[in-house]
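Coordinates in review
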Amino acid sequence: MAEQLLLQMKGIHKRFPGVHALKGVDFELRAGEVHALLGENGAGKSTLIKVLGGIYHKDEGEIFVEGQLCDIDSVEKARAAGISIIHQELVLVPWLSIKENIFLGREPRTKLGFVDFDEMYTQTKKYLQDFGLDLDPNAAVASLNIAQRQMVEIVKAISFSSRIVVMDEPTSSLSDKETENLFENVRKLTARGIGVIYISHRMSELSQIADRVTVMRDGEYVATKVVKETTIDELIALMVGRSVTNYYTRDYCTSEDVVLKVEGLCSDKVHDVNFEARRGEILGFSGLVGAGRSETMQAIFGIEKVTGGKIILNGQELQGKSSSQILNAGLGLVPEDRAGEGMFGMMDLKFNLTLKVLDEFIKGIRVNHGREQEIAAKGFQDLSVRAPGLDVPIMSLSGGNQQKVIIASWLAAGPKVLILDEPTRGVDVGAKSEIYAIMNRLAQEGVTILMVSSDLPEILNMSDRVVVMCEGTVTKILDHTEATQEKIMQYAVIN
């Protein structure tokens with residue numbers, strides 16, 4: 001690995017009203033290395049990256065890019081310095097095509113000054129092929145799934161010919177196969193001397209992709225380790241200031257009482273899906289991206305139109321009913337896209353915590369504010385949400401606390417079956433442990449959980465049984481005693 005320093009950040013401070021977010025942080029990146037940045041949500045990782053990317057301007061400290069002192073106070077200056085950032089929350093324009101997104105604001109022109117769409121198409125096609133993506137450059141971003149959008153963001157960042165690339169949770173929505181493809185492309189970048197700053201909550205990825213890792217906690221630099229010379233347990237202890245025991249909390253279900261039965265379910269995106277879910281069971285759904293897991297959940301909840309089959313919850317058929325009727329029947333859905341579909345980001349916690357049970361405190365034009373406060377406070381306390389109070393915007397919270405608020409909002413409606421689609425995507429290690437404990441507690445209280453996850457360790461450690469899907473249908477259902485990563489992958493590619 002080359003020793004040339006691409007980036008040095010020395011003594012970086014950043015303050016916001018009432019908050020000292022970065023306290024003299026040091027960080028460096030070498031040419032041709034992948035340097036992972038770890039820390040719980042709120043540790044200061046995102047703030048440090050935003051300072052590097054020109055979104056925030058540092059209050060103190062120095063930034064050197066390839067030995068040159070840089071005052072990065074805008075995104076344009078960061079890009080001019082050879083820095084590209086792929087943020088966790090995607091910023092593509094959904095109604096534009098892939099090619100238009102990649103070249104947004106820097107469109108190639110013809111001799112007459114018009115946008116050269118043919119050249120945009122040709123260059124975009126090459127970028128996509130370089131990353132092994134079989135996508136049409138003319139396709140609207142809105143037509144892509146989250147994993148495909150993530151890859152388009154990565155392609156867009158690379159298209160700037162940057163020397164420093166920051167990837168914030170790049171695999172959070174990718175399948176194992178797509179993750180391997182991403183890692184292969186990252187290795188191609190580092191072989192050309194590009195340095196990659198890699199942020200991920202998936203600790204198992206570090207040994208596969210990272211050379212060094214820097215840990216932050218409470219806005220401060222903690223330590224830098226060579227990945228081959230450390231362990232996950234040591235890194236977790238550095239992140240949280242203590243060892244995290246019983247990371248996966250699970251008491252397995254022994255009930256035979258079937259609560260939900262899905263028979264021959266069909267929609268435009270899935271076909272002949274069959275499974276049963278028992279009371280107090282965590283039923284995991286695994287498969288490659290595009291296997292139909294989320295689409296199955298959307299069909300069950302009435303978001304996708306059901307074209308055939310039956311959905312039976314405690315003897316009541318749900319197909320053909322509206323989402324509100326399905327909610328009243330006892331089914332809840334925490335969606336994969338937390339920011340886009342799970343919450344109202346600008347609204348406060350009270351609003352988000354009570355949104356599913358408005359009829360409990362709104363009667364006609366009268367609002368029982370006391371009851372509203374009571375419901376919100378219960379969800380806030382029961383799920384140990386960390387926030388200054390109920391009146392702060394949910395978007396100001398960490399990803400883990402946002403997810404706990406969304407789960408609490410559904411629990412207020414008293415679901416018998418709760419669908420959790422990628423429940424810990426973009427959530428730090430401490431919050432993951434808390435969410436697993438919440439899931440286990442709910443299962444012990446008799447709530448049935450359908451858990452869609454692309455994280456195989458999560459599937460293997462939290463599921464009573466695993467439903468494996470491929471190309472829109474169920475290929476195998478495995479008991480937790482027989483489920484292994486190899487068996488799941490075997491049935492995930494069976495068709």
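Residues numbered from 1 in each chain as written. Predicted model: local features only at pLDDT ≥ 70, side-chain atom pairs only at ≥ 80, totals over all residues. Heavy atoms only, no water.

**A look at the sheet that holds strand 22 (residues 473-479)**
Just so we agree on the cut-off: The pairing criterion is simple: DSSP has to find at least two bridges between the two strands. Strands here are runs of E lasting at least two residues and helices are runs of H or I lasting at least four, both read from the DSSP assignment and numbered beginning at the N terminus. Helix axes use the C-alpha atoms of the stretch in contact, all axes being lines fitted to C-alpha atoms, and the angles between their N-to-C directions lie in the range 0 to 180 degrees. Residue contacts are counted whenever heavy atoms from the two residues lie within 4.5 Å of one another.
If you walk across this open sheet you meet the six strands as 16-19-20-13-21-22, and the pairing is mixed. In this open sheet, the two strands that pair with only one neighbour each are strand 16 (331-334) and strand 22. The sheet shows a mean angle of 20° between the axes of neighbouring strands, taken without regard to direction. Both strand 13 (residues 282-286) and strand 21 (residues 465-470) contribute to a ladder of four bridges, which runs parallel. Paired with Gly284 across the strands is Val466, a residue of strand 21. The strands touched by helix 9 (residues 293-300) within the sheet are strand 13, strand 16, strand 19 (417-421), strand 20 (448-452) and strand 21, with strand 20 carrying the most contacts at an inclination of about 140°. Along the sheet face, helix 15 (residues 429-444) touches strand 13, strand 19 and strand 20 and points at about 145° away from the line of strand 20.

**Digging into the environment of Thr254**
Looking at the element boundaries, Thr254 is found in the loop between helix 8 (232-240) and strand 11 (258-267). Along the primary structure Thr254 and Asp218 are separated by 36 residues, whereas in three dimensions their C-alpha atoms are 42 Å apart.

**Regarding the side chain of Thr354**
Assignment of secondary structure puts Thr354 in helix 12 (residues 349-354). If we ignore the near neighbours within four places in the chain, the residues touching Thr354 are Phe361, Glu372, Ile375 and Ala376.

**As for helix 5 (residues 146-158)**
Inclusion rule: Multiplying one less than the number of residues by 1.5 Å gives the expected span of a helix. For each residue, the accessible area found with a 1.4 Å probe, counting protein chains only, is set against the maximum for its type, and the residue is called buried under 20%, exposed over 50%, and partly exposed in between.
Taking 1.5 Å per residue, 13 residues should reach 18 Å; helix 5 reaches 19 Å between its end C-alpha atoms and fits that length. Most of helix 5 is tucked away, with ten of its 13 residues classed as buried. Burial in helix 5 covers these residues: Ala147, Gln150, Met151, Val152, Glu153, Ile154, Val155, Lys156, Ala157 and Ile158. In this structure, the buried side of helix 5 is in contact with strand 6 (83-86), helix 3 (98-102), helix 4 (117-130), strand 7 (164-168) and helix 6 (176-191).

**Topic: the packing of aromatic side chains**
Note the cut-off: Working definition: a ring pair exists when centres of Phe, Tyr or Trp rings (six-membered ring for Trp) sit within 6.5 Å. Plane angles under 30 degrees give stacked, over 60 give edge-to-face, the rest tilted.
Summed over all chains, the structure comprises seven aromatic pairs. Measuring from ring centre to ring centre gives 5.7 Å for Phe301 and Trp410, while their planes differ by 85°; the resulting arrangement is edge-to-face. Highlighted residues: Phe301 in the loop between helix 9 and strand 14 (306-313) and Trp410 in helix 14 (residues 399-411), separated in sequence by 109 residues. Residue classification places Phe301 among the buried positions, given a relative accessible area of 6%.

**Here we look at unusual backbone geometry**
Unlike most non-glycine residues, Glu66 shows phi in positive territory, near 50°. Positionally, Glu66 belongs in the loop between strand 4 (60-65) and strand 5 (68-70). Residue classification places Glu66 among the partly exposed positions, given a relative accessible area of 38%. Here the phi dihedral of Asp218 falls at roughly 55°; this positive angle occurs in a residue that is not glycine.

**Here we look at the nonpolar core**
Selection rule: We define a nonpolar core as any set of buried Ala, Val, Leu, Ile, Met, Phe, Trp, Tyr and Cys residues linked to one another through side-chain atoms lying within 4.5 Å.
Within the largest apolar cluster, 120 residues are counted, with the highest numbers of intra-cluster contacts made by Met167, Phe275, Leu349 and Leu450. The element best represented in this core is helix 15, accounting for eight residues. Excluding residues within four positions of it along the chain, Met167 makes contact with Ile86, Ile154, Leu182, Val186, Leu189, Val196, Ile197, Tyr198 and Ile199. Residues Ala31, Val51, Ile83 and Met216 belong to the second largest nonpolar core, which totals 27 residues.

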